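Residue-level structure breakdown
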Amino acid sequence: MKALTKFALVVLGLALLMGASVSVAQQPLTGPQILQRVEEKGGIGGTQGELISDVKFDIIGKDKKTATNEFRFFSRRKKGEPDKLLIAFVKPDDVRGTLFLSIKPENKDADLWLYLPALGAVKQLVNTQERKGSFAGSNLSFEDLGSGFKYSESYTADEKVTEEKIKIADKEYTTYVLTLRVKKEKEKTEDYPVRKLWVEKTEFIVLKGEGYNKTNKLENVFEALALGKFENDTVLDKVLIKNVLDGSQTTITFLGRKRPAQPLPDNLFDPNNLKNLKIDDLLKL
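A brief look at the structure comes next.

Procedures and definitions
Residues numbered from 1 in each chain as written. Predicted model: local features only at pLDDT ≥ 70, side-chain atom pairs only at ≥ 80, totals over all residues. Heavy atoms only, no water. Helix = DSSP H or I, 4+ residues; strand = E, 2+ residues; numbered from the N terminus. Buried < 20%, exposed > 50% of the residue type's maximum accessible area, 1.4 Å probe, protein only. Areas by Shrake-Rupley, 256 points an atom, 1.4 Å probe, with all protein chains shown as cover. Salt bridge = Lys/Arg side-chain N within 4 Å of Asp/Glu carboxyl O. Core = buried A, V, L, I, M, F, W, Y, C linked by side-chain atoms within 4.5 Å. Contact = heavy atoms within 4.5 Å.

**Observations regarding the overall build of the protein chain**
For the protein chain, the count of helices and strands is 4 helices and 14 strands. Buried positions account for 48% of the 285 residues belonging to the protein chain. Counting every atom, the protein chain has about 14,300 Å² of accessible surface; 49% of that belongs to carbon and sulfur.

Now the structure itself:
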């Protein structure tokens, strides 16, 4: 099934220029400026530096069957270096120890690998069908997770933006509404020619997203269900991704986030070392 927005998320902020006694009027932000600020923020559930996150997926398939999976995410995001993500499958027991690795250089497609402990084999995901395959039966694909939700690599934001209020729990947020259009060179590889993002105005976190398919029908929706705080940033604590055409959906809950006590070892992100990583050891990091 297709995933929503390369879930992903974040854009450019207002600067207030102050003189001795006169303040200069703020200039309206353009869509490209806002999208730039979104991506500087780090994407869906992302942040700069090294981070360990415990994440739960509650899945309802288009056949209405349900499943719950738990994962540990290890991420490294440093300017001038490829983004790296290792996902360890924790629950259920029949997939425990499965590993997914993504290494994404800037402005290039991510390299993706999957380690299946039952087979003792590491497989690189190369062709489109493999890369766009459903991650653990969810509404996200392997490629979505590997891409880091960097929209600007595949889309151009319209200059003009509008504003709209969104309510999450009992709090209302003012958002910029961006329209993104796929770049010509990406038309064959992107599922959604048009996307819309609702970006919170002060912290530039994406609170909602929509993906419109090649027949111009709304197909996928991303919605923030709960927000929290990590360090000094507002973060997504719970999100819903759903396919409005086939009825499938995935609720993603961040159970916890932490900085590693020691720098993550480089071999954590080495595809040649995946067979040597043990889930019990990973859970101790």
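Having put the structure on the table, let's press on.
**A closer look at the pattern of salt bridges**
All chains considered together, the criterion is met by 22 salt bridges. Where Glu143 meets Lys132, a salt bridge forms, and the shortest distance between an N and an O atom there is 3.2 Å. With a gap of 11 residues between them, Glu143 in helix 3 (residues 142-147) and Lys132 in the loop between helix 2 (128-131) and helix 3 connect regions that are remote in the sequence. Assessed through its relative accessible area of 18%, Glu143 is described here as buried. Taking relative accessible area as the criterion, Lys132 reaches 24% and is therefore assigned partly exposed. The shortest N-O distance in the salt bridge between Glu190 and Arg195 comes to 3.9 Å. Each member of the pair, Glu190 as well as Arg195, is classed as buried.

**So, the environment of Phe222**
With respect to the helices and strands, Phe222 occurs in strand 12 (residues 218-230). Between the alpha carbons of Phe222 and Lys242 there is a distance of 6.7 Å; along the sequence they are 20 residues apart.

**Quick notes on the nonpolar core**
By size, the foremost hydrophobic cluster in this structure holds 48 residues, and its most contacted members are Phe100 and Phe135. At 6 residues, the largest contribution of residues to this core is made by strand 9 (residues 171-182). Once residues lying within four places of it in the same chain are set aside, the contact partners of Phe100 are Leu85, Leu86, Ile87, Leu112, Trp113, Leu114, Leu125, Phe135, Phe142 and Leu145. One finds Phe74, Ala88, Leu268 and Ile279 within the second-largest nonpolar core, a separate group that totals 17 residues.

**Examining the environment of Phe71**
One can find Phe71 in strand 2 (residues 66-77). The exposure class assigned to Phe71 is buried, which follows from its relative accessible area of 2%. In this structure, the C-alpha to C-alpha distance between Phe71 and Ala88, residues 17 residues apart in sequence, is 5.5 Å.

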